[in-house]
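Breakdown of the fold
If you want the building blocks of each chain, they are given just below.
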Amino acid sequence: MVIQKTFFLLIFPLFAFQSMYATSLADRFKQTGYVEICNEEQPAATFDSLYASFDALIEFLQANPVWAQKLYGAKERFIRSKERNYYSTDFFGFYDESKREGRNQIAFYYSNHFHEFICSHYPEFNQTSAIINFFETCLEIQKPYENIFKEAASELGVETIFSSKSGRPPILLKVIKYLPSYTATRPHYDGTAFSLFLDSTDNESLLLSPYKSSLTVDDFSSPPREFSQRHIQNSILLIPGILLTEFSIFPTPHIVIQNCKTRYATIAFAMRPHYTPQKIELSPLPNFNKH
Ligand SMILES: [Fe+2]
């Protein structure tokens, strides 16, 4: 117990853990699918300003399709650059699915390298405050989470997954706005090493289940939160994604169910540098519509 306590205090110096169970991180993922962390660095108000800045970006890009096109062109160019391989994904930039039936959501995938790439190759972006303000807010927000990912990998004995020249975990920050018409059908697994649910304007809409060989709708529930969202703290959840299965760490399936309201959320994804995902067979996921 003493060892476990010391471990958690050492690995998450910026955060206070939910409770100091004498259970390893791997076992906690197996039992509940997640761990809750108290975030005293960035209270809910930090995310409120992120969502205000995201709304300003959405409004600007929807009113100025030329800029949306320019941003898309920058993304296409970025995913052909060598920096892309650091993230092992092609998800970057703005995804407006507000008019797509069922999806009804708008998301931005932010990364440091994408931000730097845009600033150096497209100087005109520096003059558009809606874009630059949003980028700078994302840059500040993602900073504290690198350590959580590094220490979680270390605790699981998989620290080599982040080894690269920089030695830093590649982080994608996803900011998402679900519209009232959004509907949910099936849960999913994240294509990440770890996902960190940093904030949401409606935590109850996120349901998850620990990984099992057979999953039904009833396995999914909203994790009880020990740390509420207040002006001094926020509750964040860490879950494993599909990129750790070779180490027998299985991903946590999850779903954001519809709540017929506008909902914002922020998630930090830890990716695996220079990695080609392997073909893996995971448990099939239940259809929530048939429930
Ligand atoms: Fe997800």
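In this text, all values refer to a predicted model and were calculated from it rather than measured experimentally. Throughout this document, residue positions are counted from 1 along each chain, in the order its sequence is written. Whole-chain, interface and lining totals are the exception, using all residues; otherwise, since this is a predicted model, local features are given only for residues with pLDDT of at least 70 and side-chain atom pairs are given and counted only at 80 or more.

Some details on the overall build of the protein
As a reminder, the rule being used: Comment: elements are numbered from the N terminus, with helices defined as DSSP H or I runs of at least four residues and strands as E runs of at least two. For the exposure call, what matters is how many other C-beta atoms sit within 10 Å of a residue's own: 20 or more marks it buried, 12 or fewer exposed, and in between partly exposed, using C-beta atoms placed from the backbone. A pair of residues counts as a contact when their C-beta atoms, built from backbone coordinates, are separated by no more than 7 Å.
When helices and strands are counted, the protein shows eight helices and 10 strands. Split into buried and exposed, the 291 residues of the protein put 36% on the buried side. Within the protein, contacts between residues at least 6 apart in sequence are counted, and of these 78% link residues at least 24 apart.

Points about the nonpolar core
For soluble globular proteins, nonpolar side chains are generally found buried alongside one another. The condition is simple: To define a nonpolar core, we join buried Ala, Val, Leu, Ile, Met, Phe, Trp, Tyr and Cys residues through C-beta atoms within 7 Å and take the resulting set.
Counting 65 residues, the largest nonpolar core has Ala-152, Leu-173, Leu-196, Leu-238 and Ala-268 as its most contacted members. Take this core: its biggest share by element is six residues, from strand 5 (residues 171–178). Sequence-distant contacts of Ala-268, that is, excluding residues within four places in its chain, are made with Gln-142, Tyr-145, Ile-171, Leu-173, Leu-196 and Leu-198.

Re the pairing of strand 5
Regular strands place their side chains on alternate faces of the sheet. Stated precisely, the cut-off is as follows: Pairing between strands requires that DSSP locate at least two bridges from one strand to the other.
For strand 5, the buried fraction is high: eight of the eight residues fall into the buried class. Taking every second residue as pointing to the same face, both faces of strand 5 are buried, with Ile-171, Leu-173, Val-175 and Lys-177 on one and Leu-172, Lys-174, Ile-176 and Tyr-178 on the other. In terms of strand pairing, strand 4 (residues 105–110) meets strand 5 through six bridges, oriented antiparallel. Bridge pairing in strand 5 places Tyr-109 opposite Lys-174. By the bridge criterion, eight bridges tie strand 5 to strand 10 (residues 263–270) in an arrangement that is antiparallel. Along strand 10, the bridge assignment pairs Leu-173 with Ala-268.

Overview of the confidence of the model for the protein
Spelled out, the test is: The predictor rates its confidence in each residue with pLDDT, a number between 0 and 100.
With 89% of its residues at a pLDDT of 70 or more, the protein shows a mean pLDDT of 89. Every residue in residues 1–21 scores below 50 in pLDDT, and together they form 27 contacts with partners more than four places removed in sequence or on other chains.

Some points on helix 8 (residues 146–155)
Which entries qualify depends on this criterion: It is the directions from the helix axis to the C-beta atoms that the arc portrays.
Along helix 8, the residues classified as buried are Ile-148, Phe-149, Ala-152 and Ala-153. One side of helix 8 holds all its buried residues, which, seen down the axis, span an arc of 125 degrees. Positive phi appears at Gly-157, one or two residues downstream of helix 8, with a value of about 75 degrees.

Some words on helix 7 (residues 129–142)
This is how the line gets drawn: A helix is expected to span 1.5 Å multiplied by its residue count minus one.
Given a rise of 1.5 Å per residue, 14 residues ought to cover 20 Å, and the 20 Å separating the end C-alpha atoms of helix 7 matches this to within 8%. Those residues of helix 7 that sit buried are Ile-131, Phe-134, Phe-135, Thr-137, Cys-138 and Ile-141. Viewed end-on, helix 7 has its buried residues packed into an arc of 165 degrees, placing them on one side of the element. Residues Ser-129, Glu-136 and Glu-140 are exposed on helix 7 and point more than 90 degrees away from its buried face. Packed against the buried residues of helix 7 are helix 3 (44–63), strand 4, helix 6 (112–121) and strand 5.

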